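# Architecture and fold: a report
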Amino acid sequence: MKHITILVPNGDNNLSSIVGAYKILSRANRYWMELGNKNCYKIELAGSSKKIEFHDGLFSAQPHQRFTNIQSTQLIIIPSLQHNYEKAVHMNQDLIHWIGEQHAKGAEIASICTGAFLLAATGLLTNRHCSTHWAFAATLQNLYPAIKVQPDQLITDENGLYTNGGAYSFLNLLLYLVEKYFDRPTAIYCSKVFQIEMDRTRQSEFILFNGLKTHTDETILQVQAFMETNLRTTLSIEQLATSFSIGRRSLDRRFSKATGHTPLEYLQRLKIEAAKKAFETSRQTIAEVMYDLGYTDIKSFRELFKKITGLSPMEYRKKYNKTALVIS
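Before going into details, it helps to say that this report is about the structure given with it. (Residues numbered from 1 in each chain as written. Predicted model: local features only at pLDDT ≥ 70, side-chain atom pairs only at ≥ 80, totals over all residues. Heavy atoms only, no water.)

## A short note on the environment of Asp252
For Asp252, the location among the structural elements is in helix α10 (residues 248-259). For the pair Asp252 and Ser236, spaced 16 residues apart in sequence, the C-alpha to C-alpha distance is 13 Å. Residues in contact with Asp252, not counting those within four places in the same chain, are Ile237 and Pro263. (Helix = DSSP H or I, 4+ residues; strand = E, 2+ residues; numbered from the N terminus. Contact = heavy atoms within 4.5 Å.)

Written out as structure tokens, the structure reads:
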């Protein structure tokens, strides 16, 4: 019998991703067997302790067994962590080592949301693409600079290492894994039973872009603040460089190092974030919002908006502003 292991790390982590993974995979397994298939899975929770408490003792989990008793498994699922990642990594060193050993034996590994921090600590994500919750992507990138963090992506799949975006998007990762480990009809069945949208691939539309300001480059912080307060004017990067007495190449280099974006990318994301808020809360037309933010080419604006959010301006407004007039 094949084996799927859902980890219960030490610490007050995210119980919902553990329960959700167990329920969906168990239902898929049962459906698979009902169809007469024999290659079913043994799905177990594994932890360091017999009992692990969550939310100040309000809930608890009792894993089927300790992870050290599992000699081999086909798939390991790392749940979402709470936000003290360094503490979580410190508390689970034995588990991190075990994950690495299992991967060396051929096990595939999937991390849910901020579980990517635990997977990153194994070193397996070095020089590989990875997704996590958009709100913590910059933190993950700073802690593990050799990882290619992709905050727009809902799911990444690189040679048996799966990572996904934040919060309840883990449901989409689970459908993805059901299709991989069972088949497409079983994934569709689970989609219908649990009412999860199939084939979502991006978390772009959910990102709230606030910019990275935890760096120590005071000049770049001033440039960022200037951008934010002048969104409704047409800014060129050359003008910014001149205004702050920085060479254009130096500005690009320092800005990218501090924020993870070029100045142009950063300015575009700020403007699109402002456009999103306008579409959510006002009855302005797409053209009015575009002109308000200093854009003059409707085609270019629509293409940029869709590139960043995954939706067209019209699709975005229809989805998030039910009272807006359906006009362009």
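## Here's the deal with the pattern of salt bridges
One pass over the full model with this rule turns up eleven salt bridges. Of the charged contacts, one joins Lys42 and Glu44 as a salt bridge, the two residues approaching to 3.5 Å between their closest N and O atoms. We classify Glu44 as buried; its relative accessible area is 8%. A salt bridge links Asp292 to Arg232, with the nearest nitrogen and oxygen atoms 3.7 Å apart. Linking Asp292 in helix α12 (residues 286-292) with Arg232 in the loop between α8 (218-229) and α9 (237-243), this pair joins segments that are 60 residues apart in sequence. According to the relative accessible area criterion, Asp292 is partly exposed, its value standing at 32%. Overall, Arg232 belongs to the exposed group, its relative accessible area being 52%. One salt-bridge network, held together by shared partners, links Glu238, Arg248 and Asp252. (Salt bridge = Lys/Arg side-chain N within 4 Å of Asp/Glu carboxyl O. Buried < 20%, exposed > 50% of the residue type's maximum accessible area, 1.4 Å probe, protein only.)

## Section: the packing of aromatic side chains
Applying the stated rule across the entire model yields 17 aromatic pairs. A centroid spacing of 3.8 Å and a plane angle of 5° characterise the contact between Tyr85 and Phe117, whose relative ring orientation is stacked. Of this pair, Tyr85 sits in helix α2 (residues 85-91) while Phe117 sits in helix α4 (residues 116-120); the two residues are 32 residues apart in sequence, bridging distant segments of the chain. Comparing Tyr85 with Phe117 shows no difference in burial state: the two are buried. With centroids separated by 5.6 Å and ring planes inclined at 80°, the aromatic side chains of Phe305 and Tyr316 adopt a geometry described as edge-to-face. Remark: Tyr316 occurs in helix α14 (residues 313-320) and Phe305 occurs in helix α13 (residues 298-309); sequence separation between them is eleven residues. Phe305 sits in the buried class, given a relative accessible area of 0%. The exposure class assigned to Tyr316 is buried, which follows from its relative accessible area of 2%. (Phe/Tyr/Trp six-rings, centres within 6.5 Å; stacked < 30°, edge-to-face > 60°.)

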